[in-house]
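Okay, here's what each chain looks like letter by letter:
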Amino acid sequence: MPIFDISGDKLSAVEQKNFALEKDLQSLIEKNLETVFNCRFVASEFSTGAQHAGRIDSLALSEEDNPVIIEYKKVESSELINQSLFYLYWIQDHKGDFEIAVQKRLGNGVKVDWSDVRVICIAPNYKKYDLHAVQVMGANIELWKYRLFSNNSLYLEEVFHTAKSSAVTTSSSTSDNGYKNPVMVEAGKKAALTRATATYTFDERLEGKSEEIQELTATIREFIIGLDESIEEVPKKFYVAYKISQNIACMEVKGKNIKLFLKLKPSDIPKGTKNYRDVTSIGHYGTGDVEFTVSSEAEFEPVKEFIAMAYNKVGG
């Protein structure tokens, strides 16, 4: 889709361009990892040793302390996916090397969570055969498409993310649609996916909960996923995260209420807002410094605008 510049009541098309060097794209993303993916930079051009003779473009740590591998290409290339899959399996066999790199960069107190490894590929486009191959492989990999424009705007869109179908819950209204083949749908117009990390599933968060809490959970889930079909649901050990490039909201299902942690600043919340708490300096499971506690649909209703705000701020 073309992008237009607005000048008064006139529109003019903004031309596309590309990076002069692949390293320029890599450097830009590495310097803005927190803004784009909410990740902490660990290393650039990380060597896999003499035996494997490779270099991982970028290593990072996610907001949930999972390892992140990022590979780049400034042209369409199947080599990008092959390299990324190779590095995914390499890092799973060399956890110690990654943990040492993390400690050197971020400090000895940082603990790596190996329940999930995030692999991100960034390129201007992907061949339909590559999309199909990644789907068949079932590896945990994200394919992101970029566009650079002459007004120095950068557009990023996730066009594919593999999901572990065995972990998809069948009790929600969204799961009945199943998965759409990425080869057959327009880029970016994918169904909302439910992805499990390790052995965690959405249904585990509902075990032992009352019917009222389960219904409230379903209402919240439906609203968040309904904001954008590209929003993913990622069950974790203690909560469920909803994300695009980074987490938008995290839902912790309790016995008598539900806690929602949003990617907002406390200054975004007006004084006197009900059921809200600033948790910037308070330990909690979900990511985000803004906490809402709701126990009914009526209490959830005013929270919707803040979830939408978090979605817009992340860049949805």
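Treat the numbers as computed from the prediction; the structure is a model and nothing was measured.

1. Focus on a negative patch on the surface
A cluster of acidic side chains, namely Glu211, Glu212, Glu215 and Glu297, defines a negative patch on the protein surface. Considering each element in turn, the negative patch owes the most residues, three residues, to helix α7 (residues 211-226). Here Glu212 is to be found in helix α7.

2. Here we look at the packing of aromatic side chains
If you walk through the whole model with that rule in mind, you get nine aromatic pairs. Between Phe37 and Trp144, the aromatic rings sit 5.3 Å apart at their centres with planes inclined by 80 degrees, giving edge-to-face as the arrangement. Note that Phe37 is positioned in helix α2 (residues 33-37) and Trp144 in strand β8 (residues 142-149), a separation of 107 residues in sequence. Assessed through its relative accessible area of 3%, Trp144 is described here as buried. Between Phe223 and Phe300 the ring centres are 5.8 Å apart and the planes differ by 80 degrees, which places this aromatic pair in the edge-to-face class. Pair noted here: Phe223 is in helix α7 and Phe300 is in helix α8 (residues 297-300), with a separation of 77 residues, a long-range link. Residue classification places Phe223 among the partly exposed positions, given a relative accessible area of 22%. Residue Phe300 is classed as buried on the basis of its relative accessible area, which comes to 1%. One cation-aromatic arrangement involves Arg221 over Phe202; the distance from NZ or CZ to the ring centre is 3.6 Å.

3. A short note on the packing of helix α4 (residues 78-93) against helix α5 (residues 95-106)
Interaxial distance between α4 and α5 falls to 5 Å at its minimum, and their mutual angle equals 85 degrees. As far as their axial angle goes, α5 and α4 are roughly perpendicular. Only Lys95, Asp97 and Phe98 of α5 make contact with α4, whose side of the interface consists of Trp90, Ile91, Gln92 and Asp93. Counted by class, the contact of α4 with α5 contains three nonpolar, one polar and three charged residues.

4. Remarks on the sheet that holds strand β14 (residues 276-278)
Judged by pairing direction, the sheet is antiparallel, and its six strands sit side by side in the order β10-β11-β12-β13-β15-β14 without closing on themselves. Across the chains shown, the open sheet's two edge strands, defined by having one partner strand only, are β10 (232-235) and β14. Averaged over all adjacent pairs, the angle separating strand axes in this sheet is 20 degrees, with direction ignored. As paired elements, strand β11 (residues 240-243) and strand β12 (residues 247-253) share four bridges and run antiparallel to each other.

5. What to know about the nonpolar core
Of all hydrophobic cores here, the largest spans 47 residues; its most connected members are Phe37, Ile122, Ile220, Ile258, Leu260 and Leu262. For this core, the domains that each give at least three residues are domain 1 (11-161) and domain 2 (202-314). Sequence-distant contacts of Phe37, that is, excluding residues within four places in its chain, are made with Ile29, Arg118, Ile120, Ile122, Trp144, Ser245 and Gln246. Listed in part, the 31 residues of the second largest apolar core include Val42, Ile69, Leu88 and Ala123.

6. Topic: α7
The terminal C-alpha atoms of α7 lie 22 Å apart, and with 16 residues this matches the ideal 22 Å at 1.5 Å per residue to within 8%. Of the positions making up α7, those classed as buried are Ile213, Leu216, Thr217, Ile220, Arg221, Ile224 and Ile225. Buried residues of α7, viewed axially, fall in a sector of 160 degrees; they line one side. Facing away from the buried side of α7 by more than 90 degrees, the exposed set consists of Glu211, Glu212, Glu222 and Gly226.

7. Examining a nonpolar patch on the surface
Taken together, the side chains of Phe4, Ile6 and Leu11 present a nonpolar region at the surface, about 350 Å² in accessible area. Within the fold, Ile6 resides in strand β1 (residues 4-7). A relative accessible area of 63% means that Ile6 is categorised as exposed.

Parameters at a glance
- Residues numbered from 1 in each chain as written.
- Predicted model: local features only at pLDDT ≥ 70, side-chain atom pairs only at ≥ 80, totals over all residues.
- Heavy atoms only, no water.
- Patch = residues over 30% accessible without salt bridge, like charges linked within 9 Å, V, L, I, M, F, W, Y side chains within 5 Å.
- Areas by Shrake-Rupley, 256 points an atom, 1.4 Å probe, with all protein chains shown as cover.
- Salt bridge = Lys/Arg side-chain N within 4 Å of Asp/Glu carboxyl O.
- Lys, Arg positive; Asp, Glu negative; His and termini not counted.
- Charge placed at Lys NZ, Arg CZ, Asp CG, Glu CD.
- Helix = DSSP H or I, 4+ residues; strand = E, 2+ residues; numbered from the N terminus.
- Phe/Tyr/Trp six-rings, centres within 6.5 Å; stacked < 30°, edge-to-face > 60°.
- Buried < 20%, exposed > 50% of the residue type's maximum accessible area, 1.4 Å probe, protein only.
- Lys NZ or Arg CZ within 6 Å of the ring centre and 35° of its normal.
- Axes fitted to C-alpha atoms, helices over the stretch in contact; angles between N-to-C directions.
- Parallel < 35°, antiparallel > 145°, perpendicular 65-115°, else oblique.
- Contact = heavy atoms within 4.5 Å.
- Nonpolar A, V, L, I, M, F, W, Y, C, P; charged D, E, K, R; others polar.
- Pairing = 2+ DSSP bridges.
- Core = buried A, V, L, I, M, F, W, Y, C linked by side-chain atoms within 4.5 Å.
- Domains from an automatic or database assignment.
- Expected span 1.5 Å × (residues − 1).
- Arc of directions from axis to C-beta.

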